[in-house]
Amino acid sequence: GDGQLGYIEFTVPVSVTNPIGPATKPGREAAESIADGKPTAEAARLKLQFAETRLKLADAKYRAGQLDATEYYRAQFERDAAAAELKGDTAEVLRLKAKFAERNFKLIDARFRLGMTDGRERLRAQFDRDIAEAELKGDPAEAARVQRQFAQQDFDLVQRQYKIGIITADEYEKAKFARD
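Residues numbered from 1 in each chain as written. Predicted model: local features only at pLDDT ≥ 70, side-chain atom pairs only at ≥ 80, totals over all residues. Heavy atoms only, no water.

Engineer: An account of the side chain of arginine 129 is needed here, citing residue identities and associated values.
Structural biologist: Within the secondary structure layout, arginine 129 lies in helix α5 (residues 119-137). Among the polar contacts made by the side chain of arginine 129, one reaches the side chain of aspartate 130 at a distance of 3.0 Å. Discounting chain neighbours no more than four positions away, the residues touching arginine 129 are Ala101, Glu102 and Phe105. (Helix = DSSP H or I, 4+ residues; strand = E, 2+ residues; numbered from the N terminus. Polar contact = N/O pair within 3.5 Å; in protein donor to acceptor, adjacent residues only side chain to side chain. Contact = heavy atoms within 4.5 Å.)

Engineer: How would you summarise the packing of aromatic side chains if you had to cite specific residues and measurements?
Structural biologist: Counted by the stated rule, this structure contains six aromatic pairs. Where tyrosine 62 meets tyrosine 72, the ring centres are 4.5 Å apart and the plane angle is 10°; that geometry is what we call stacked. Note that tyrosine 62 is positioned in helix α2 (residues 41-63) and tyrosine 72 in helix α3 (residues 69-87), a separation of 10 residues in sequence. What makes tyrosine 72 buried here is its relative accessible area of 13%. Arranged with centres 5.5 Å apart and planes meeting at 45°, the rings of phenylalanine 155 and tyrosine 172 form a pair that is tilted. Here phenylalanine 155 is found in helix α6 (residues 140-163), whereas its partner tyrosine 172 is found in helix α7 (residues 169-179), with 17 residues between them in sequence. Accessibility classification places phenylalanine 155 together with tyrosine 172 in one group, the buried group. (Phe/Tyr/Trp six-rings, centres within 6.5 Å; stacked < 30°, edge-to-face > 60°. Buried < 20%, exposed > 50% of the residue type's maximum accessible area, 1.4 Å probe, protein only.)

Now the structure itself:
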């Protein structure tokens with residue numbers, strides 16, 4: 001009722017007598033997976049389970065008009081990417097990432113053209129799209145070029161905003177550091 005958006009904390013239901021499956025230690029295995037940087041099947045399964053729950057909630061909120069299209073599509077992407085990761089399909093994950101980034105850019109670009117978002121958000125969405133395309137092509141040189149170009153364009157935008165007092169000195173320094 002007060003016009004503010006709330007946040008929901010997601011938890012994975014765990015039974016004391018049967019922690020998400022017979023004779024498994026999901027918390028420990030998932031934690032070890034995160035610690036060594038190598039996803040295990042259990043960590044991937046938990047990630048998919050979480051993404052499915054998040055998508056169900058996002059779907060309900062989207063249908064009720066309480067969630068915008070960008071966040072709804074993000075939840076769909078995260079679920080689909082988690083399913084592809086569980087199957088070990090890296091190519092599908094990259095394809096999904098590129099598809100989501102393109103869709104997200106189009107939505108943000110439309111909002112930008114209507115004056116509903118700023119140039120920095122549009123620039124970030126364009127960067128995400130371009131970097132996802134470079135990763136999908138397997139072109140590290142293109143990815144590095146996109147990264148440098150984004151850092152310079154972001155700095156140029158921030159510099160203009162800093163001069164007229166829209167951006168803080170901290171934000172200016174962060175953009176300058178990213179560029180250099």
